[in-house]
Amino acid sequence: GRIEYLEHNTPITIGGQRVNPRDLVVGDGDGVIIVPEDRIEEVAKYARQEAVNDKRGRRKMYEQLGWALDDTVQVD
């Protein structure tokens, strides 16, 4: 195989989802999400809130089980 450069900063479509230049693409073992550029700040705010709430919930479980608290349950 050869790789040929065609263009950059051009919208593309992946799996039926349009991805524009400067959109945020995030993936993990469960899948991929595309956050439009104009919603990144809002999504980041709620993602952080969910992460903090998740850590707090896991911390309570650790405490109930008598487990030592580790970095995964420390809230910044």
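Not measured: the values here are computed from a predicted model.

Turning next to a nonpolar patch on the surface. A cluster of nonpolar residues, Leu24, Val26 and Ile33, forms a patch on the protein surface that exposes about 230 Å² of accessible area. Inspection of the secondary structure puts Val26 in strand β3 (residues 24–28). Exposure remark for Val26: the relative accessible area of 39% places this residue in the partly exposed category.

Further remarks concern the pattern of salt bridges. This model, assessed by the stated rule, comprises 4 salt bridges. Residue Arg59 pairs with Glu63 through a salt bridge whose shortest N-O separation is 3.3 Å. In this pair, Arg59 and Glu63 both sit in helix α1 (residues 40–65), 4 residues apart, roughly one turn of the helix. Glu63 gets classed as partly exposed once you look at its relative accessible area, which sits at 46%.

All right, on to the pairing of strand β4 (residues 31–35) then. Two elements, β3 and β4, share 5 bridges in a ladder whose sense is antiparallel. Bridged to Val25 within β4 is Ile34. The loop that links β3 with its antiparallel partner β4 comprises 2 residues.

Here we come to the packing of aromatic side chains. As enumerated under the stated definition, the model contains 1 aromatic pair in all. Arranged with centres 5.2 Å apart and planes meeting at 70°, the rings of Tyr62 and Trp67 form a pair that is edge-to-face. A relative accessible area of 15% places Tyr62 in the buried class.

What counts and how
- Residues numbered from 1 in each chain as written.
- Predicted model: local features only at pLDDT ≥ 70, side-chain atom pairs only at ≥ 80, totals over all residues.
- Heavy atoms only, no water.
- Patch = residues over 30% accessible without salt bridge, like charges linked within 9 Å, V, L, I, M, F, W, Y side chains within 5 Å.
- Areas by Shrake-Rupley, 256 points an atom, 1.4 Å probe, with all protein chains shown as cover.
- Salt bridge = Lys/Arg side-chain N within 4 Å of Asp/Glu carboxyl O.
- Helix = DSSP H or I, 4+ residues; strand = E, 2+ residues; numbered from the N terminus.
- Buried < 20%, exposed > 50% of the residue type's maximum accessible area, 1.4 Å probe, protein only.
- Pairing = 2+ DSSP bridges.
- Phe/Tyr/Trp six-rings, centres within 6.5 Å; stacked < 30°, edge-to-face > 60°.

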